[in-house]
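Each chain, written out:
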Amino acid sequence: QGQLLAKSWSSLFGGQPGATPGRPIYSFNGRNILTDPLWPLRLAWHGSTARGGHARRRDCQGWRDSGAAEGMAAPLGQGRLLAGHRHNCSTP
């Protein structure tokens, strides 16, 4: 059985109480991304607008390591996953 990440869908994206994870979030290779130094910025890359639509030209799609493309990402642990800011797609 999984662990509760948020009390509701709207609390996860709207920053309502109960949306901040009190438990670890693990990467696919088993690292706790909220504490692991391999994840210095602890961002959730999503490429979406604040209303959940596709942020055209801000999704890092087609990005290459030498490009200057920007994508939308939001800090984890704040309960506002779609309240993103532009970050260079090369950001670790």
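None of these values were measured; they are calculated from a predicted model. Think of each chain on its own: its residues are numbered from 1, step by step along the sequence as written. A pLDDT threshold of at least 70 governs which residues receive local features in this predicted model, and a stricter bar of 80 or more applies before side-chain atom pairs are shown or counted, although totals over entire chains, interfaces and linings include all residues. To obtain the side-chain values, all non-hydrogen atoms of the structure were used and water was disregarded.

1. Considering the overall build of the protein
This is how it is decided: Comment: elements are numbered from the N terminus, with helices defined as DSSP H or I runs of at least four residues and strands as E runs of at least two. Under the scheme applied here, a residue whose accessible area is under 20% of the maximum for its type counts as buried, over 50% as exposed, and between as partly exposed, the area being computed with a 1.4 Å probe on protein chains only. In what follows, a contact means two residues having at least one pair of non-hydrogen atoms within 4.5 Å.
Broken down by element type, the protein carries one helix and three strands. Each helix and strand of the protein, placed in order from N terminus to C terminus, yields the pattern α-β-β-β. Counting all 92 residues of the protein, 27% fall into the buried class. Counted over contacts in the protein with a minimum sequence separation of 6, partners at least 24 positions apart contribute 46%.

2. Let's talk about the state of the cysteines
Test applied: To count as a disulfide, a pair of cysteine sulfur atoms needs to be within 2.5 Å.
With the rule as written, the count across this model stands at one disulfide. The disulfide bridge from cysteine 60 ends at cysteine 89, spanning 1.9 Å between sulfur atoms. One disulfide, between cysteine 60 and cysteine 89, carries an S-S torsion of -95° and so falls in the left-handed class. In this pair, cysteine 60 sits in the loop between strand 1 (43-45) and strand 2 (70-75) while cysteine 89 sits in the segment after strand 3 (85-88), placing the two residues 29 residues apart along the sequence. For cysteine 89, a relative accessible area of 8% puts it in the buried group.

It is worth stressing that arrangement in space is one thing and function is another; only the former is reported here.
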